[in-house]
Amino acid sequence: MNKPTVVSGIRPTGFLHLGNYFGAVRNFVRMQNDYHCFFFIADIHSLTTHPTPENLQAGVKQVLAEYLACGIDPEKATIFIQSDVPEVTELYTFLNMNAYLGELERTTSFKEKARKQPENVNAGLLTYPVLMAADIIIHKANFVPVGKDQEQNLEMARKFAGRFNRIYNSEVFPIPRPFTFDGKDMIKVPGLDGSGKMGKSEGNAINLYEDPKSIRKKVMRAVTDTGPTEQNSPKSEAVENLFTLMKIVSKHDVVEHFDGLYNRCEIRYGDMKKQLAEDIIAFTNPIRTRIDEILKDEAYLAKVAREGSEKACESALKTLNEVKQLIGFKSLF
Ligand code: TRP
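Residues numbered from 1 in each chain as written. Predicted model: local features only at pLDDT ≥ 70, side-chain atom pairs only at ≥ 80, totals over all residues. Heavy atoms only, no water.

Comments concerning the side chain of Asp135
Checked against the element boundaries, Asp135 lands in helix α7 (residues 128–137). Residue contacts for Asp135: discarding those within four places in its chain leaves Val7, Phe40, His45, Gln82 and Val88. (Helix = DSSP H or I, 4+ residues; strand = E, 2+ residues; numbered from the N terminus. Contact = heavy atoms within 4.5 Å.)

Notes on the domain arrangement of the protein
Examined at the domain level, the protein breaks down into domain 1 (5–187 + 298–327) and domain 2 (212–292). Facing the 9 residues of domain 1 at the interface are 8 residues of domain 2. Considering only the surface of domain 1 that becomes buried against domain 2, Leu18, Phe22 and Ala69 emerge as the three largest contributors, covering 57% of it. Connecting domain 1 to domain 2 are 0 salt bridges. On inspection of domain 1 and its partner domain 2, the count reaches 0 residue pairs in polar contact (both at pLDDT 80 or more). (Domains from an automatic or database assignment. Buried area = accessible area lost by both parts, 1.4 Å probe. Salt bridge = Lys/Arg side-chain N within 4 Å of Asp/Glu carboxyl O. Polar contact = N/O pair within 3.5 Å; in protein donor to acceptor, adjacent residues only side chain to side chain.)

Focus on the site of the ligand
Close to the ligand lie Ser8, Gly9, Arg11, Phe40, Ala42, His45, Tyr128, Met132, Asp135, Ile136, Val144 and Gln150, which account for all nearby residues. Within the contact set of the ligand, an oxygen atom lies 2.7 Å away from a side-chain nitrogen or oxygen of Arg11. Here Tyr128 contributes a side-chain N or O atom positioned 2.8 Å from a nitrogen atom of the ligand. Taken by itself the ligand offers 370 Å² of open surface, and the protein chains cover 93% of this. Only β1 (5–10) and α7 provide two or more residues apiece to the shell around the ligand. Of the residues forming the shell around the ligand, the biggest block, 4 residues, is contributed by α7. (Near = heavy atom within 4 Å. Areas by Shrake-Rupley, 256 points an atom, 1.4 Å probe, with all protein chains shown as cover.)

Quick look at the pairing of β1
In terms of residue burial, β1 counts as a mostly covered element, since 5 of its 6 residues are buried. Two strands pair when backbone bridges link them, and β1 and strand β2 (residues 36–41) are joined in this way by 6 bridges, in the parallel orientation. By the bridge assignment, Ile10 is partnered in β2 with Ile41. The parallel pair β1 and β2 is bridged by helix α1 (residues 18–34), and the resulting crossover is right-handed. (Buried < 20%, exposed > 50% of the residue type's maximum accessible area, 1.4 Å probe, protein only. Pairing = 2+ DSSP bridges. Right-handed = clockwise from strand over helix to strand, strands pointing away.)

Comments concerning the packing of helix α2 (residues 53–70) against helix α13 (residues 298–327)
Between α2 and α13, whose axes approach to 11 Å, the crossing angle comes to 85°. As far as their axial angle goes, α13 and α2 are roughly perpendicular. Touching Lys61, Leu64, Ala65 and Leu68 of α2 are Glu298, Tyr300, Leu301 and Val304, all from α13. Each residue belonging to the contact of α2 with α13 can be placed in one class, and the counts come to 6 nonpolar, no polar and 2 charged. (Axes fitted to C-alpha atoms, helices over the stretch in contact; angles between N-to-C directions. Parallel < 35°, antiparallel > 145°, perpendicular 65-115°, else oblique. Nonpolar A, V, L, I, M, F, W, Y, C, P; charged D, E, K, R; others polar.)

A word on the packing of aromatic side chains
As enumerated under the stated definition, the model contains 15 aromatic pairs in all. Measuring from centroid to centroid gives 4.7 Å for Phe28 and Phe39, while their planes differ by 15°, and the two rings are stacked. Note that Phe28 is positioned in helix α1 and Phe39 in strand β2, a separation of 11 residues in sequence. Neither Phe28 nor Phe39 differs from the other in exposure class; each is buried. Arranged with centres 5.7 Å apart and planes meeting at 85°, the rings of Phe143 and Phe179 form a pair that is edge-to-face. Here Phe179 lies in strand β5 (residues 177–179) and Phe143 lies in strand β4 (residues 143–145), a separation of 36 residues in the sequence. Judged by its relative accessible area of 14%, Phe179 is buried. In textbook terms, an aromatic cluster arises when at least three aromatic residues are bridged by ring pairs, as seen for Tyr35, Phe143, Phe179 and Phe181. Lying over the aromatic face of Tyr128, Lys113 brings its terminal NZ or CZ to 3.8 Å of the ring centre. Directly above the ring of Phe243 sits Lys235, whose terminal nitrogen or CZ lies 4.5 Å from the centroid. (Phe/Tyr/Trp six-rings, centres within 6.5 Å; stacked < 30°, edge-to-face > 60°. Lys NZ or Arg CZ within 6 Å of the ring centre and 35° of its normal.)

A few points about the side chain of Lys273
By the secondary structure assignment, Lys273 is in helix α12 (residues 269–296). The buried charged residue Lys273 lacks any salt bridge, with Asp225 as its nearest oppositely charged partner at 9.5 Å. A distance of 2.7 Å separates a polar side-chain atom of Lys273 from the backbone oxygen of Ala222. Not counting residues within four places of it along the chain, the set of residues in contact with Lys273 comprises Val219, Met220, Arg221, Ala222, Thr224 and Leu242. (Lys, Arg positive; Asp, Glu negative; His and termini not counted.)

Some thoughts on the layout of surface pockets
Taken as a whole, the second largest pocket encloses approximately 510 Å³ of empty space. Of all the secondary-structure elements, those providing two or more residues to the lining of the second largest pocket are β2 and α13. Here the lining of the second largest pocket takes 6 residues from α13, the largest share from any one element. Its residues assigned to classes, the lining of the second largest pocket shows 4 nonpolar, 9 polar and 7 charged. (1 Å grid on protein atoms, 1.4 Å probe; cavity = no way out; pocket = protein on both sides within 12 Å on 5 of 7 lines; lining within 4 Å. Points joined across faces, edges and corners; volume = space filled by probe spheres on them.)

Structure, rendered in structure tokens:
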């Protein structure tokens, strides 16, 4: 019964792609069995980039539907929308009083975003790690699954939690630790552009919710090379990437077949790409169908969000009451 608590937030921008799926979402789905999980859609965080109300709403719905379609189970994990649990913004306010300009300005994600959107360096951007800390510690999280880009933000959350504990001479907040998946759980999905990994900002991603025509187009455009000229020669990075993708979505004998062709210098990359595209489509098709079904079922989405927010509010309010006691707020009525 006493499972460790895990918290993770997902920004409602963009679609899930094969990279997120194999890198993170598949692991969330596994974690919900062994941990007390809180997964939420970080819609307040997304305000730093000033979305229109329409885009914000559509983004939240899409992400929720996509995570549910991938197998996040609201019966096992608490899945909710950040803005439905206003307690977190109250804790954020308290934490802000002990978050210092210098340390906030020094975070790489702040510097990075300030560089990317110099016309919109708002205070929300500066205090982004404080809100993120509040998200995590309001549920007394023990673990946070984070990718490389969020490591520093988690480090800040650890700092703010420890600082609050020390100031108020308490142990109200456990110090959250990064949750890292071991090697075999992490499948790194390469990009189609000849290098690196698949990512939204890299502009090389294939979304789970992508239609087959577009998948074919993207795969057919993938970077390759001029082809092997000697038997059993090593593969270039671009071609290796195609094989890696194929290993992820295709049957073993299909990969063997193309590997054999490559080694005998008989490969035609066009044929390999056609096969790869069809296998990606076969893999994503059931997920795409499920996303559509869920998106159409407004009542189901509403039920998930409502029940998630009820559970999250209960947990958040409990912590917040302890925090207010510690701070010295005492109602006069
Ligand atoms: N900052 C995270 C991102 O950009 C999203 C996020 C918000 C988050 N709050 C969190 C992640 C709490 C983990 C825990 O992806």
